[in-house]
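Listed below are the residues making up each chain.
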Amino acid sequence: MTHAGRALRGRAGEALPALAFLLTVLVVWEVTVRALDVAPYLVPAPSRVWDAFLETRGVLPGHIRTTMTEALAGLFIACASGVGIAGLLAASVPSRRALYPLLVISQNIPMVVLAPLLAVWFGFGIMPKVLIVALIGFFPIVVSTTDGLLRADRDLVELARSLGAGRWQVLRTILIPSAVPAFFAGLQISAAYAVLGAVIGEWVGASSGLGLFIARSQRAFRVDQVFVAVIVIAAVSIALFAAVHLLARLAMPWQHAGRERTERGV
Amino acid sequence: MQETPAIDVRGVSLTYVGPPPVAALTGASLQVERGQFASLVGPSGCGKSTLLRVLAGLARPDEGWADLQGQDAVGVTALAAYMPQRDLLLPWRRALGNAVLGAELAGVPRADAEVQARGLMARFGLEGFERAWPGQLSGGMRQRLALLRTFLAPREVLLLDEPFGALDALTRREMQEWLQEVWRQDGRTVLLVTHDIDEAITLSDTVFVMSGRPGRIVRRVDVDLPRPRAALDSTSVRFSELKAEVLEALTAVR
Ligand SMILES: Nc1ncnc2c1ncn2[C@@H]1O[C@H](COP(=O)(O)OP(=O)(O)OP(=O)(O)O)[C@@H](O)[C@H]1O
Ligand SMILES: [Mg+2]
């Protein structure tokens, strides 16, 4: 059997207990709801959630597209501003002293307060949602990337300098590549919260999106549809997270190569 | 009028500000003529690496001065090609990318540097590993790659800090013979730090012996063995005499 084949079977084997557990939970849930005759606007049975999914299948893709667009645009802004600010913070101690407290404060503005305000300022379009995603997302990227820049191996910096590198060459050949893993660590955290941020923004007021879908379903006491939305949000989040993970792998092929070698060595 | 030496160190003292403060060098002086091969031996922790860092422009002495080819080298980088004691490869560059780093930073076009590096991979025992990541290379290969990177830097003076430290005895001998060949061909000035007295004598025109910390040069031994020197020469009478001289100087400073 090939190495890849063995790894694949190993993966499937690892997932088996989780799947079995999930299935058990669903069966117990279904049986309990039916046996106790729980009202569907309180807790819908899995079968009823499935029916709601089939019913709303037509409108979901449009909402998903909106939410995804907001999440991706917000993440993009978070990356651009996050990396820029990280560069600024890493460049000098005074800038760190001046900006870090402000950044921490910015993270303590409750989203439930900010979201309605942004809706008032920027309307029901995607703009306020993009801003919320960006606001939530840029902090982990800033913190992590700054750390990565500051932790670059001093000996590598010295080596580059001894070979004739100036400030910019040190930045390009040593500091930036050193910070790439840290940047992706931050981006993964941001990506995990991005969809949630967009949904909160939509829930407050929107013309499309999964948050709007939830708000409407709640108003109609369609708890089964709320469950559908929650599952879709989870799936979209996981897809986004996986995409970032893949991107990280592509951007850092050396880390992957190193890991493979140790695995084989064991 | 005498030619200016390629490496000229006079009365260099350096104390690392602690805590605790460590006096690494005190009044170290040495001269290496152009095109000569010199070695620096001394007890561990006596300041050999520190002296090389001074010459590389990375550490500032508190006293004394250091010149490379008649130019003030204190605080000035890029006058020499420096190979640090740790191999310090960039994990995010493949072997070939690491090999060309020195040339690239010196302004050699990347394509030219790569052609040159490819041509030398075989001589450095790295053929077929051009696209390997440093994490996939053995300790010896990493060191040879670091040496290749140093050689490709277009500098007249090479500062090598224990370049063969991680190699087994056999590969080490091979690399020594090979280094001797390369050096004879391209005629650059070399200052090599090593713990291996045989290696120092086999390769060098001059061996400098350092005292224990704080380090200074206590003996200069000129090696008058004919070149090219083969591994077997280390059994000759003259070789033994030179080795005894170095050893005696080393034990005297303990
Ligand atoms: N950056 C530093 N800060 C403080 N002390 C240092 C630093 N670098 C070296 N030292 C100290 O200076 C002394 C000389 O160090 P150096 O590395 O030059 O020795 P060395 O002769 O190269 O030793 P070895 O043969 O073990 O490599 C040592 O005692 C070391 O602890
Ligand atoms: Mg040393």
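Being a predicted model, the structure only gives us computed values, none of them experimental.

Calculation notes
Residues numbered from 1 in each chain as written. Chains lettered and ligands numbered in written order. Predicted model: local features only at pLDDT ≥ 70, side-chain atom pairs only at ≥ 80, totals over all residues. Heavy atoms only, no water. Helix = DSSP H or I, 4+ residues; strand = E, 2+ residues; numbered from the N terminus. Rg over C-alpha atoms; globule rule 2.2 N^0.38 Å. Buried < 20%, exposed > 50% of the residue type's maximum accessible area, 1.4 Å probe, protein only. Contact = heavy atoms within 4.5 Å. Areas by Shrake-Rupley, 256 points an atom, 1.4 Å probe, with all protein chains shown as cover. Lys, Arg positive; Asp, Glu negative; His and termini not counted. Charge placed at Lys NZ, Arg CZ, Asp CG, Glu CD. Domains from an automatic or database assignment. Buried area = accessible area lost by both parts, 1.4 Å probe. Salt bridge = Lys/Arg side-chain N within 4 Å of Asp/Glu carboxyl O. Polar contact = N/O pair within 3.5 Å; in protein donor to acceptor, adjacent residues only side chain to side chain. Nonpolar A, V, L, I, M, F, W, Y, C, P; charged D, E, K, R; others polar. Donors = N, O, S within 2.8 Å, 3.2 Å for Na, K, Ca; no water. Axes fitted to C-alpha atoms, helices over the stretch in contact; angles between N-to-C directions. Parallel < 35°, antiparallel > 145°, perpendicular 65-115°, else oblique. Left-handed = near helix turned anticlockwise from the far one by under 90°. Phe/Tyr/Trp six-rings, centres within 6.5 Å; stacked < 30°, edge-to-face > 60°. Core = buried A, V, L, I, M, F, W, Y, C linked by side-chain atoms within 4.5 Å. Near = heavy atom within 4 Å.

K.L.:
What exactly am I supposed to notice about the overall build of chain A here?
P.N.:
Scanning chain A from N- to C-terminus turns up 11 helices and zero strands. The secondary structure elements of chain A, listed N-terminal to C-terminal, are α-α-α-α-α-α-α-α-α-α-α. Computed over its C-alpha atoms, the radius of gyration of chain A comes to 23 Å, more than 25% above the 18 Å expected for a compact globule of 266 residues. Counting the 266 residues in chain A, one finds 39% classified as buried. Contacts spanning at least 24 positions in sequence make up 72% of the contacts within chain A whose residues lie at least 6 apart. Summing over all exposed atoms, chain A offers an accessible surface of approximately 15100 Å²; the carbon and sulfur share of this is 71%. Within chain A, the 14 negative side-chain charges are centred at a point lying 6 Å from the centre of the 22 positive side-chain charges.

K.L.:
Is there a simple way to explain helix 1 (residues 48-55) of chain B in this structure?
P.N.:
Note that an α-helix has 3.6 residues per turn; residues three or four places apart therefore point the same way. With seven of eight residues buried, helix 1 of chain B lies mostly within the body of the structure. Among the residues trailing helix 1 of chain B, G57 of chain B stands out with phi positive, at a value near 85°.

K.L.:
I tried to follow the domain arrangement of chain A on my own but got confused; where do I start?
P.N.:
Often, the extent of an interface is quoted as the loss of accessible area upon association of its parts. Residues and elements named next belong to chain A. Domain parsing of chain A yields domain 1 (1-37) and domain 2 (44-264). The junction of domain 1 with domain 2 conceals about 540 Å² of combined surface from both sides, 65% of it contributed by carbon and sulfur atoms. In this assembly, domain 1 and domain 2 are joined by zero salt bridges. The interface formed by domain 1 and domain 2 contains three residue pairs in polar contact (both at pLDDT 80 or more). A class-by-class count of the residues in the side of domain 1 that touches domain 2 yields three nonpolar, one polar and two charged.

K.L.:
Would you mind going over the coordination of the magnesium ion (ligand 2) with me for this structure?
P.N.:
Ideal geometry at a metal centre gives angles of 109.5 degrees when four donors are arranged tetrahedrally and 90 or 180 degrees when six donors are arranged octahedrally. All names here are of chain B. Donor atoms from the polypeptide that coordinate the magnesium ion (ligand 2) comprise S49 (OG) and Q85 (OE1), at 1.9 to 2.2 Å from the metal. One end of the pair, S49, is in helix 1; the other, Q85, is in the loop between strand 6 (81-83) and helix 2 (95-99), with 36 residues separating them in the sequence. For S49, a relative accessible area of 22% corresponds to the partly exposed category.

K.L.:
How do you make sense of the packing of helix 9 (residues 210-219) of chain A against helix 10 (residues 223-251) of chain A when you look at a structure like this?
P.N.:
Two quantities define a packed helix pair, namely the angle between the helix axes and the distance between the axes. All names here are of chain A. The geometry of helix 9 relative to helix 10 is characterised by a closest axis approach of 9 Å and an angle of 160° between their N-to-C directions. The orientation of helix 9 with respect to helix 10, classified from their angle, is roughly antiparallel. For the element pair helix 9 and helix 10, the recorded crossing hand is left-handed. Side by side, helix 9 and helix 10 meet where L210, F213, I214, S217 and Q218 of the first sit next to Q225, V226, A229, V232 and I233 of the second. Classifying every residue of the contact of helix 9 with helix 10 by side-chain character gives seven nonpolar, three polar and no charged.

K.L.:
Is there a simple way to think about the packing of aromatic side chains in this case?
P.N.:
One pair of aromatic rings is described through two measures. These are the centre distance and the angle between the planes. The full count for this structure, using the stated rule, is eight aromatic pairs over all chains. Taking the centre distance of 5.4 Å and the plane angle of 35° together, the rings of W50 of chain A and F53 of chain A count as tilted. On the criterion of helical spacing, the pair formed by W50 of chain A and F53 of chain A is a turn pair, its members being three residues apart in helix 2 (residues 46-56). Seen in terms of ring centroids, F183 of chain A and F184 of chain A are 5.1 Å apart; in terms of plane orientation they differ by 70°. Their pairing is edge-to-face. You can call F184 of chain A buried: its relative accessible area is 8%. Grouping aromatic residues by their ring pairs yields a cluster made of F124, F151 and W178 of chain B.

K.L.:
Please clarify how the nonpolar core should be interpreted in this entry.
P.N.:
Across soluble globular proteins, nonpolar side chains show a tendency to be buried alongside one another. Counting residues in each nonpolar core, the largest one holds 87 residues, and the members touching the most others are L187 of chain A together with L145, L147, L148, L160 and L179 of chain B. For this core, the leading source of residues is helix 8 (residues 167-204) of chain A, giving 10 residues. If sequence neighbours within four positions are ignored, L148 of chain B has contacts with A99, L120, M121, F124 and L126 of chain B. Counting 33 residues, the second-largest nonpolar core is a separate cluster that includes I7, V54, Y82 and I217 of chain B.

K.L.:
Please clarify how the pattern of salt bridges should be interpreted in this entry.
P.N.:
Overall, the coordinates contain 25 salt bridges over all chains when judged by the stated rule. A salt bridge links R238 of chain B to E241 of chain B, with the nearest nitrogen and oxygen atoms 2.8 Å apart. Of this pair, R238 of chain B and E241 of chain B both sit in helix 8 (residues 237-252), three residues apart, which is roughly one turn of the helix. The structure contains a network of salt bridges with shared partners spanning R172 of chain A together with R93, E104, R110 and E114 of chain B.

K.L.:
Quick question: what am I supposed to make of the interface of chain A and chain B here?
P.N.:
With 21 residues of chain A at the interface, the matching set in chain B holds 26 residues. A combined buried area of about 2100 Å² lies between chain A and chain B, and 63% of that area is made up of carbon and sulfur atoms. On inspection of chain A and its partner chain B, the count reaches four salt bridges. Close ionic contact of R172 of chain A with E104 of chain B constitutes a salt bridge, the shortest N to O distance being 3.9 Å.

K.L.:
When you look at the site of ligand 1 in this model, what are you seeing that I'm missing?
P.N.:
Residue and element names in this part refer to chain B. Neighbouring ligand 1 are 14 residues; S44, K48, S49, T50 and R213 lie closest to it. Y16 is positioned such that a nitrogen or oxygen atom in its side chain is 3.5 Å from a nitrogen atom of ligand 1. Contact with the protein chains hides 65% of the accessible area of ligand 1, taken as 640 Å² for the molecule alone. Secondary structure elements with two or more residues in the shell around ligand 1: strand 2 (22-32) and helix 1. Per element, the largest residue contribution to the shell around ligand 1 is three residues, and it comes from helix 1. A class-by-class count of the residues in the shell around ligand 1 yields four nonpolar, seven polar and three charged.

K.L.:
How do you make sense of the packing of helix 2 of chain A against helix 10 of chain A when you look at a structure like this?
P.N.:
Residue and element names in this part refer to chain A. As a packed pair, helix 2 and helix 10 sit with axes 8 Å apart at the nearest point and diverge in direction by 80°. Judged by the inter-axis angle, helix 2 sits roughly perpendicular to helix 10. Residues R48, V49, A52, F53, E55 and T56 of helix 2 pack against D224, Q225, F227, V228 and I231 of helix 10. Considering only residue class, the contact of helix 2 with helix 10 consists of six nonpolar, two polar and three charged.

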